[in-house]
Amino acid sequence: MNEAAGHSKFSVNERGFYGNYGGAYIPEMLYPNVKELEDNYLRIIGSESFQKEFRSLLKDYVGRPSPLYYAKRLSEKYETKIYLKREDLNHTGAHKINNTVGQILLAKELGKTRIIAETGAGQHGVATATVCALMGLECVVYMGAIDVVRQEPNVKRMLMLGATVIPAESGSKTLKDATNEAIRDWINNPVDTHYIIGSVVGPHPYPDLVARLQSVISEEILWQMMEKEGRDYPDAIIACVGGGSNAAGAFYHYLDNPKVELIAIEAAGLGVDTGETAATTKIGKPGVIHSSKTLLMQTEDGQIVEPYSISAGLDYPGIGPIHAHLFESGRGVFEAVTDEEAMQAGFEFCRLEGIIPAIETAHALAYLKKRKFGADQVVVINLSGRGDKDLATYIKWFEKQ
Ligand SMILES: *Cc1c(COP(=O)(O)O)cnc(C)c1O
């Protein structure tokens, strides 16, 4: 992959840190698992055989390259030049499959026969169950008991694909409890099991591994921009941030290009000051979550605060350490968008472009109302996923308006 970017001041250092953030704050019993991964991931994903199979699956199974589409009516409305990077057209409907395809190949190369994952909304669970079916590996997905009920269609998809879904009954019965169960499983099954994490979060080397696998997004934007605009960069890239994997993938090859403004959009929920929010950079403080030091929403005495967003994929109390670093260093612009703003933007976008965006993605689209770009500027919005999964939420929202 891009070796040069590996030496960027925004990529991970040899101790697993991005500036002040990252690392691997793991229980001792997890050390052998994480160490095995750390010792092998760069060699494996950089190898010719891995790259050949990864690229081949991205092309013929996922459907890459995803188009870079000039959105004419959206551009006219906002009086600037807007391109959409169409991750919504990938198999399973979002960017998450780029990562799970890569990690399943890595797991096979490490000799693993069993895959575990945690999932909140179920999107990462579906992407994991998909590649496990593809490779004939056992798949166990941990999911908070409350989420199992809330996200029933995705639970059915996972079961259909042959995965075992285990409800996490502890704590608040949501994503963080599912993560705890997955970590417990991994400690108990260190030899045959690989843990597929779904975003640029978790202990080093996961944030770097996932960012590298998702970097195919900006690798394609480079040549697609060249084809369409005669230069290989836009003036700005906008992406929504839950943990931050679609944003990290879309930013990756532009981290060291100061001409490109990198804009990350978090979910404000009902508003950043309401207590019902997931806008980590607005109210978060440094702390440790999922074995990584990063910004996170917490109480005075360091307990994790339950986040809130209408979008399940952005409903996370932290952000990946790379984003904490982009925020702190000023390289990234971080903004928060409310439920209301995102839903309106998603609705408008359907009618302007004939594309139903995921509610996560609608947060990125809403930024166009907050910021005026120049008529000759080129803006790329990463369309992280499609909105089929969100239809019921959209319809309920507009019925009560
Ligand atoms: C999961 C998800 C996200 C949020 O995850 P990131 O790791 O921040 O990219 C965003 N959009 C869609 C469509 C998702 O499924």
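Refer to the preceding data block for the structure.
As a starting point, this report considers the structure included with it. (Residues numbered from 1 in each chain as written. Predicted model: local features only at pLDDT ≥ 70, side-chain atom pairs only at ≥ 80, totals over all residues. Heavy atoms only, no water.)

Bringing the site of the ligand into the picture now. Lining the immediate environment of the ligand, one finds 16 residues, of which Lys-96, Ser-199, Gly-242, Gly-244 and Ser-245 sit closest. Residue Ser-199 places a side-chain N or O atom 2.6 Å away from an oxygen atom belonging to the ligand. At 3.2 Å, a backbone N or O of Gly-243 approaches an oxygen atom of the ligand. Compared with its free state, where it exposes 380 Å², the ligand has 97% of that area covered by protein. In the shell around the ligand, the residues fall into three nonpolar, eleven polar and two charged. (Near = heavy atom within 4 Å. Polar contact = N/O pair within 3.5 Å; in protein donor to acceptor, adjacent residues only side chain to side chain. Areas by Shrake-Rupley, 256 points an atom, 1.4 Å probe, with all protein chains shown as cover. Nonpolar A, V, L, I, M, F, W, Y, C, P; charged D, E, K, R; others polar.)

Now for unusual backbone geometry. Each neighbour pair has its own omega, and for Arg-64 with Pro-65 the value is 0°, a cis peptide bond. Relative to the assigned elements, Pro-65 resides in the loop between α2 (48–62) and β3 (68–70). Between His-204 and Pro-205 the backbone carries a cis peptide bond, its omega angle lying at 15°. Position of Pro-205 relative to the elements: it lies in the loop between β8 (193–195) and α9 (206–214). (Helix = DSSP H or I, 4+ residues; strand = E, 2+ residues; numbered from the N terminus.)

Let us now look at the packing of α2 against helix α5 (residues 123–135). α5 packs onto α2 with a crossing angle of 110° between their chain directions and a minimal axis gap of 14 Å. Comparing their axes, α5 and α2 come out roughly perpendicular. When the axes of α2 and α5 are compared, the crossing they make is right-handed. Along the contact surface, α2 presents Glu-53, Leu-57 and Tyr-61, while α5 presents Thr-130, Leu-134 and Met-135. (Axes fitted to C-alpha atoms, helices over the stretch in contact; angles between N-to-C directions. Parallel < 35°, antiparallel > 145°, perpendicular 65-115°, else oblique. Left-handed = near helix turned anticlockwise from the far one by under 90°. Contact = heavy atoms within 4.5 Å.)

Evaluated as defined, the whole model comprises 26 salt bridges. Arg-64 is the partner of Glu-87 in a salt bridge, and the nearest nitrogen-oxygen pair spans 2.8 Å. With Glu-87 in the loop between β4 (81–85) and α4 (96–109) and Arg-64 in the loop between α2 and β3, the pair connects residues that are 23 residues apart, well separated along the chain. Per residue, the accessibility class of Glu-87 equals that of Arg-64, and both read buried. Arg-114 is the salt-bridge partner of Glu-138, the closest N and O atoms lying 3.7 Å from each other. Taken together, the residues span a long stretch of sequence, with Glu-138 in strand β6 (residues 138–144) and Arg-114 in strand β5 (residues 114–119) at a distance of 24 residues. (Salt bridge = Lys/Arg side-chain N within 4 Å of Asp/Glu carboxyl O. Buried < 20%, exposed > 50% of the residue type's maximum accessible area, 1.4 Å probe, protein only.)

Inspection of the secondary structure assignment puts Ser-11 in the segment before β1 (17–18). Residue classification places Ser-11 among the buried residues on the basis of a relative accessible area of 10%. Polar contacts involving the side chain of Ser-11 include one to the main-chain carbonyl oxygen of Ser-8, which spans 2.9 Å.

Strand order across the open sheet formed by four strands is β7-β6-β5-β8, with parallel pairing between neighbours. The open sheet terminates on both sides in strands that have one partner only, identified here as β7 (164–168) and β8. Each adjacent strand pair in this sheet contributes to an overall mean axis angle of 25°, direction not counted. Where β5 meets β6, six bridges bridge the pair, whose relative direction is parallel. From the neighbouring strand, Ala-117 faces β6, where its bridge partner is Val-141. On the sheet, α5 packs against β5 and β6 and is oriented at approximately 165° with respect to β5. (Pairing = 2+ DSSP bridges.)

Any link to function would need more than the numbers given here.
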